[in-house]
Amino acid sequence: MMQEHLPKDKDPSEVQEWGWTFQEFITENFWYLLAILVLLALFFYARHRWNVRNSRKYKN
């Protein structure tokens, strides 16, 4: 999809094409991304502990 306000002889920059840059996305959503990482870490830690606990329980 070509945007009308862009010149036809050169490709659009990242900001013109998407409306934001990767750095802006990270800085504006830092706390949300950090919260997602913490939740993922808790999930994987809990799954690991559950596997360790159940592997001891059901050994022979």
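Residues numbered from 1 in each chain as written. Predicted model: local features only at pLDDT ≥ 70, side-chain atom pairs only at ≥ 80, totals over all residues. Heavy atoms only, no water.

Enquirer: Which residues make up the UniProt feature "transmembrane region" (unreviewed entry) in the protein chain, and what are the values?
Expert: As recorded in UniProt, the sites labelled "transmembrane region" (unreviewed entry) are residues 30–46. Span residues 30–46 is 100% helix and 0% strand, its end C-alpha atoms 24 Å apart. (UniProt positions renumbered as here; feature names shortened; annotations may be inferred. Helix = DSSP H or I, 4+ residues; strand = E, 2+ residues; numbered from the N terminus.)

Enquirer: Can you explain a positive patch on the surface? Please cite residues and give values.
Expert: A cluster of basic residues, Arg49, Arg53, Arg56, Lys57 and Lys59, forms a positive patch on the protein surface. Relative to the assigned elements, arginine 49 resides in helix 3 (residues 30–57). Residue class for arginine 49 comes out partly exposed when judged on its relative accessible area of 33%. (Patch = residues over 30% accessible without salt bridge, like charges linked within 9 Å, V, L, I, M, F, W, Y side chains within 5 Å. Areas by Shrake-Rupley, 256 points an atom, 1.4 Å probe, with all protein chains shown as cover. Salt bridge = Lys/Arg side-chain N within 4 Å of Asp/Glu carboxyl O. Lys, Arg positive; Asp, Glu negative; His and termini not counted. Charge placed at Lys NZ, Arg CZ, Asp CG, Glu CD. Buried < 20%, exposed > 50% of the residue type's maximum accessible area, 1.4 Å probe, protein only.)

Enquirer: Go over a nonpolar patch on the surface, please, and point to the residues and values.
Expert: Together, Phe30, Trp31, Leu34, Val38, Leu39 and Leu42 give the surface a local cluster of nonpolar side chains, amounting to about 650 Å² of exposed area. Here leucine 42 shows up in helix 3. Of the residues examined, leucine 42 reaches a relative accessible area of 52% and is grouped as exposed.

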